[in-house]
Amino acid sequence: MTEFLNLWWVWTAAALALAVIEVLIPGFIFLGFALGALAMVAVVLAAPGLSAPALFAIFAGLSLIAWIGLRIAFRKQSSGARTFHRDVNDN
């Protein structure tokens with residue numbers, strides 16, 4: 001299994017699949033995992049001899065960093081909903 005996880009195209013396919021899932025089920029949950037899998041392509045190309053547990057641990061860390069980055073990036077984006085504290089008909 002380690003040889004399979006050391007192939008760059010496996011991580012690219014996983015990133016693409018997770019991005020498609022994010023489009024179908026929006027919420028910025030799977031997008032962090034997709035970015036983590038895409039970053040794993042560089043990790044696998046840089047260090048091809050890593051074991052499967054190390055690859056999964058690095059993937060988890062990169063996905064967490066990507067998810068936190070997305071939360072920071074989209075924090076300022078509002079939904080456009082307004083909250084009114086006073087009714088228009090009150091005088």
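Scroll up to find the structure this text is about.
Counting of residues starts from 1 at the beginning of each chain's written sequence and follows it residue by residue. Whole-chain, interface and lining totals are the exception, using all residues; otherwise, since this is a predicted model, local features are given only for residues with pLDDT of at least 70 and side-chain atom pairs are given and counted only at 80 or more. Note that the side-chain values use all heavy atoms of the structure and ignore hydrogens as well as water.

1. Here we look at the side chain of Asn-6
We apply this condition: Think of it this way: any DSSP run of H or I at least four residues long counts as a helix, any run of E at least two long counts as a strand, and we number them from the N terminus. Only protein chains enter the area calculation, which uses a 1.4 Å probe; residues under 20% of their type maximum are buried, those over 50% are exposed, and those in between are partly exposed. Should any heavy atoms of two residues lie within 4.5 Å, those residues are counted as being in contact.
With respect to the helices and strands, the residue Asn-6 is situated in the loop between helix H1 (2-5) and helix H2 (8-24). With relative accessibility at 18%, the residue Asn-6 sits in the buried group. Not counting chain neighbours up to four residues away, the residues in contact with Asn-6 comprise Val-44, Pro-48, Leu-50 and Leu-55.

2. A closer look at the environment of Phe-33
Its location among the elements puts Phe-33 in helix H3 (residues 30-46). Separated by 31 residues in the primary sequence, Phe-33 and Leu-64 have C-alpha atoms spaced 7.9 Å apart.

3. Notes on the packing of H2 against H3
Worth spelling out the cut-off: All axes here are fitted lines through C-alpha atoms, helices being fitted over the stretch that makes contact, and every angle between N-to-C directions spans 0 to 180 degrees. Orientation is classified from the angle alone, with under 35 degrees giving roughly parallel, over 145 giving roughly antiparallel, 65 to 115 giving roughly perpendicular, and any other angle giving oblique. Gly is placed with the polar residues, together with every amino acid not listed as nonpolar (Ala, Val, Leu, Ile, Met, Phe, Trp, Tyr, Cys and Pro) or charged (Asp, Glu, Lys and Arg).
Orientation of H2 relative to H3, taken along the N-to-C sense of each, is 170°, at an axis distance of 8 Å. The pairing of H2 with H3 is recorded here as roughly antiparallel in orientation. Seen from H2, the contacting residues are Trp-8, Trp-11, Thr-12, Ala-14, Ala-15, Leu-18, Ala-19, Ile-21 and Glu-22; seen from H3, they are Phe-30, Leu-31, Phe-33, Ala-34, Ala-37, Leu-38, Met-40, Val-41, Val-44 and Leu-45. Split by residue class, the contact of H2 with H3 holds 17 nonpolar, one polar and one charged.

4. Considerations on the nonpolar core
Just so we agree on the cut-off: What is meant by a nonpolar core is a set of buried Ala, Val, Leu, Ile, Met, Phe, Trp, Tyr and Cys residues, joined one to another through side-chain atoms within 4.5 Å.
Membership of the largest hydrophobic core is limited to ten residues, which are Leu-5, Trp-11, Ala-15, Ala-37, Met-40, Val-41, Val-44, Ala-52, Leu-55 and Phe-59. At the level of elements, H2, H3 and helix H4 (52-73) are the ones that each hand at least two residues to this core. The element that contributes the greatest number of residues to this core is H3, accounting for four residues. Those residues in contact with Ala-37, other than ones at most four positions away along the chain, are Trp-11, Ala-14, Ala-15 and Phe-59.

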